[in-house]
Amino acid sequence: MQAPDIPLDEARRLAALYATRLLGSSPEDAFDRITRMAARLLKMPISLVSLVDKDIQWFKSRCGFTPTESPRAVSFCGHAILEHEPLVIPDALLDPRFADNPLVTGEQHVRFYAGVQLFSIDRMAIGTLCVLDRVPRTLGQDELDILRDLARMVEGLIQHRQLASAARSLYAHMELDPSNDELSSAAGQVEFLLNHDVLTGLANRQSLVRAVEKHLVAMGDNPAQAKTLVASINVDKFKRLNELLGHHGGDKALVTITRSLQALLRPGDMLARAGNDEFVLLLPGLGDDSAARDRLRQLMQAVHHEYMTPGGPIPLTCSIGYAICPDDGENGDLLLNNAAMAMRRAKALGGGQIQRFSEELKRAVNRKLTLESQLRRALDQDELFLVYQPKIDLRSGAVAGIEVLLRWHHPEHGTVSPVEFIPIAEESGLIVSIGEWVLKSAIAQSRAWHAEGVPDVTFAVNLSARQFLATDIVATVDAAMRDAQLPPGVLELELTESISIDDPARSAALMNRLRELGVTLSIDDFGTGYSSLSYLKRLPVDKLKIDRSFVLDMHQSAESLAMVRAIIAMAHSLRLEVIAEGVENVAQLDALRAAECDHIQGYVFSKPLPAAECAAYLRRHAARAAQPLA
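As a further point, take the pairing of strand 8 (residues 270-275). Here strand 8 lies mainly inside the structure; five of its six residues are buried. Bridge analysis of strand 8 against strand 9 (residues 278-284) gives five bridges, and the strand direction is antiparallel. Residue pairing for strand 9: arginine 273 is matched across the bridge by phenylalanine 279.

Printed below as a string of structure tokens:
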């Protein structure tokens, strides 16, 4: 077990912790609401507000956890406060820092941990808001954002408490010495800090909530008053800007954005800073949705700006989500949460978008979170299964291989489309364990067919970006092939175009190691990532797979046909085979044959088949493999 290191500024950190006066304090509903919310939203059995003292970690709030403290030497949070980013441990038994930790091996049996740092008002890391589970799991980006947001709420409570305590102390001294101008000035400064963001001078979240509530009361007293819009604005790519410019450069960008937004405010409007890269607007009199969108587009343009960095220019855009009172919520917290939910949806659509909250959106978010939770159990409950789609050689008519496709039969919803659950698996990190299962299951099926005398074909398995770049994929593939005694040339791995574009040097190195194992490599969905010929020449691939979007209308669109012909010609010049997917009719088939495509895959020959039906298909085709297609 590795005990957490002691920070260099430990004395200042402890002084900041003691200044909060939270250690040993009584439970408070304001904190407990947040830990309950974290456990519920992230579907975790345990959520804690942990404060790291000299020798212990003490829990200001606990949900699903009995102990009130534990030794600092065994604490996950002691490690978390040393980091600049949230600490996530998918499986503590696989992490040498925690594998023999008593919290892992003892009665608590902690396997998963995620903690977001909590900072005092003078920016010292004093603890975390953390969630824990007793089974291994991962945390998707959306879930991590939720945990960050909740941590900022805890942090706001802590800092507000510090300032309120300072204000009370100053006012008490002022009563004893009313003529002391310095005390009066200090009290005014503390009062300002209680209600404003230090960097931008904007109202903080607590102040905004009070303003929204006050406005809602005024609306209730005067029903004829116009509706009010609450908008959540999140700066896209701000983390990347911070990495390239440093926090000082990031702070300057935030101040610039603040001034640009303030220049567009009307009397009665209110702008607040609700988080590191998040702003909130209260805009009275914008109940009409068309007028609201026009106004928000103006504000969006105020944020858009290109910043020069050592890594090149970064165009900052923003995502905006909004809710209108009373249609989308009748209290301040609900309106702010609904606007934030809409904002996260706008970011998921690629950023630079405006999205209004709706009950449909709320249902979609809840369905996504529910499906993610159920997807975690789907493997253990045998709900996931594989189907196999043949690929046909256009010259010989033989089966050139099969693609292995993942399906999910949900006990309540029936068949869940891969279009819906694969992105959820990607975002949550579940794709790693699911992808490994797919790989091993496909290899096992190949060996089973070989033993049954089914004609041997290449099995193509899709690899996700997370599998390829964030795991030891070479070791995983090598072990799976060795265990099954799979001969070279049977396994093909399909990689998306974007994987290799993001980090071409590392991608090329990994690809070379995979080819040394006897694995065939193909680039999937080619044409959607805007790759160049020089890019392709750098990668050790064997095949290109043309994206179905080009195949769909190539027999009707001269532009799509020209694109397909160019891709095929380019690939052949590099001695690569070309596969066209999504071929559904004879017209598309004829166009691809004329363009000299090598292989095709699609409903024109076969839909994805269960294992038994695919085996029968392979046997039938083996008999006429030598006959060219009519």
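With that settled, consider the environment of alanine 612. Summarising the element assignment, alanine 612 is placed in helix 22 (residues 611-623). With a relative accessible area of 65%, alanine 612 lands in the exposed category. For alanine 612 and valine 387, which are 225 residues apart along the polypeptide, the C-alpha to C-alpha distance reads 9.8 Å.

We now examine the pattern of salt bridges. Under the defined criterion, the tally for this structure stands at 36 salt bridges. Of the charged contacts in the structure, one is a salt bridge between arginine 33 and aspartate 29, with a shortest N-O distance of 2.7 Å. A residue pair is termed a helical-turn pair when its members lie 3 or 4 positions apart in one helix, as arginine 33 and aspartate 29 do in helix 2 (residues 29-41) at four residues. Its salt-bridge partner being arginine 111, residue aspartate 91 comes within 2.8 Å of it at the nearest N-O pair. Placement of the pair is aspartate 91 in the loop between strand 4 (87-89) and helix 4 (102-105) and arginine 111 in the loop between helix 4 and strand 5 (112-119), with a sequence separation of 20 residues. As far as burial versus exposure is concerned, aspartate 91 and arginine 111 are alike and both buried. Shared partners join several salt bridges into a network, and the residues in it are Lys391, Glu403, Glu492, Glu494, Lys543, Lys545, Arg548 and Glu581.

So, on to the environment of asparagine 462. Along the polypeptide, asparagine 462 turns up in strand 17 (residues 459-463). Measuring from C-alpha to C-alpha, the distance between asparagine 462 and glutamate 403 comes to 8.3 Å, with 59 residues separating the pair along the chain. Among residues more than four places away in sequence, those in contact with asparagine 462 are Glu403, Val404, Leu405, Gln467, Glu494 and Asp524. In terms of polar contacts, asparagine 462 uses its side chain to reach the side chain of glutamate 403, at 2.9 Å.

Time to look at the sheet that holds strand 8. Taken together, five strands build an open sheet; the order of strands is 8-9-7-12-13 and the sheet is mixed. This sheet does not close on itself; its edge strands, each paired only once, are strand 8 and strand 13 (354-356). Along the sheet, successive strands turn relative to each other by an average axial angle of 20°, direction set aside.

This part covers the pairing of strand 12 (residues 318-325). Burial analysis of strand 12 places eight of its eight residues in the buried class, the great majority of the element. A two-sided burial pattern is seen for strand 12, the buried positions comprising Cys318, Ile320, Tyr322 and Ile324 on one face and Ser319, Gly321, Ala323 and Cys325 on the other. Pairing analysis gives eight bridges linking strand 7 (residues 228-235) to strand 12, with the strands arranged antiparallel. Bridge pairing in strand 12 places asparagine 234 opposite serine 319.

We now examine the nonpolar core. Counting 79 residues, the largest nonpolar core has Leu375, Trp449, Val477, Leu491, Leu493, Leu592 and Ile600 as the members making the most contacts within it. Residue contributions to this core peak at seven residues, all from helix 13 (residues 431-451). Dropping the residues within four chain positions of it, leucine 491 is found in contact with Leu439, Ile443, Thr458, Phe459, Val461, Val477, Met481, Leu486, Gly518, Val519 and Thr520. Listed in part, the 29 residues of the second largest apolar core include Leu261, Leu283, Leu296 and Tyr322.

Once that is clear, we can look at the confidence of the model for the protein chain. Mean pLDDT over the protein chain: 85, with 89% of residues reaching 70 or higher. Across the protein chain, the element-wise mean pLDDT spans from 56 in helix 6 (residues 181-195) up to 96 in strand 1 (residues 46-52). In this model, residues 626-630 is a region of pLDDT below 50 whose contacts with residues beyond four sequence positions or in other chains number twelve contacts.

On to helix 2. In this model helix 2 runs 18 Å from its N-terminal to its C-terminal C-alpha over 13 residues, within 8% of the 18 Å that 1.5 Å per residue would give. Every buried residue of helix 2 is accounted for by Phe31, Asp32, Ile34, Thr35, Ala38 and Ala39. Down the axis, helix 2 shows its buried residues gathered within 160° of arc, on one side only. Positive phi shows up at lysine 43, right after helix 2, with a value of about 55°.

In this fold, arginine 295 is placed in helix 9 (residues 289-303). Accessibility expressed as a relative area gives 9% for arginine 295, which makes it buried. Within polar-contact distance, the side chain of arginine 295 engages the side chain of aspartate 269 at 3.2 Å. Once residues within four sequence positions are removed from consideration, arginine 295 is found in contact with Leu264, Leu265, Arg266, Asp269, Leu283 and Leu286.

The topology assignment puts aspartate 133 in strand 6 (residues 125-133). Given the relative accessible area of 11%, aspartate 133 is considered buried. Separated by 3.2 Å, the side chains of aspartate 133 and arginine 137 make a polar contact. Beyond its immediate sequence surroundings of up to four residues, aspartate 133 is in contact with Met44, Pro45, His109, Val110, Arg111 and Phe112.

About the thresholds
- For every chain, the first residue of the written sequence is number 1, and numbering continues from 1 along that sequence.
- Since the coordinates come from a predicted model, pLDDT governs what is reported: local features require at least 70, and pairs of side-chain atoms require 80 or more to be given and counted, while whole-chain, interface and lining totals use all residues.
- Computation of side-chain values: all heavy atoms of the structure, hydrogens and water removed.
- Buried, partly exposed and exposed residues are distinguished by accessible area as a fraction of the type maximum, computed with a 1.4 Å probe on protein chains only: under 20%, between the cut-offs, and over 50%, respectively.
- Secondary structure elements are taken from DSSP: a helix is a run of H or I of four residues or more, a strand is a run of E of two residues or more, and numbering for both begins at the N terminus.
- Paired strands, in this sense, are two strands between which DSSP finds at least two bridges.
- A pairing counts as a salt bridge when a side-chain nitrogen of Lys or Arg comes within 4 Å of a carboxyl oxygen of Asp or Glu.
- Any pair of residues with heavy atoms lying within 4.5 Å of one another is described as a contacting pair.
- Within 3.5 Å is the distance limit for a polar contact, defined as a pair of N or O atoms, with the added protein rule that one can donate a hydrogen and the other accept it, and that residues adjacent in sequence qualify only through two side-chain atoms.
- Only the contacting stretch of a helix is used when fitting its axis, a line to C-alpha atoms as for every element, and angles between N-to-C directions run 0 to 180 degrees.
- To qualify as a nonpolar core, a set must consist of buried Ala, Val, Leu, Ile, Met, Phe, Trp, Tyr and Cys residues joined through side-chain atoms within 4.5 Å.
- As a per-residue measure, pLDDT reflects the predictor's confidence and takes values from 0 up to 100.
- Multiplying 1.5 Å by the helix residue count minus one yields the expected span of that helix.
- Taking the helix axis as origin, the arc is that swept by the directions to the C-beta atoms.

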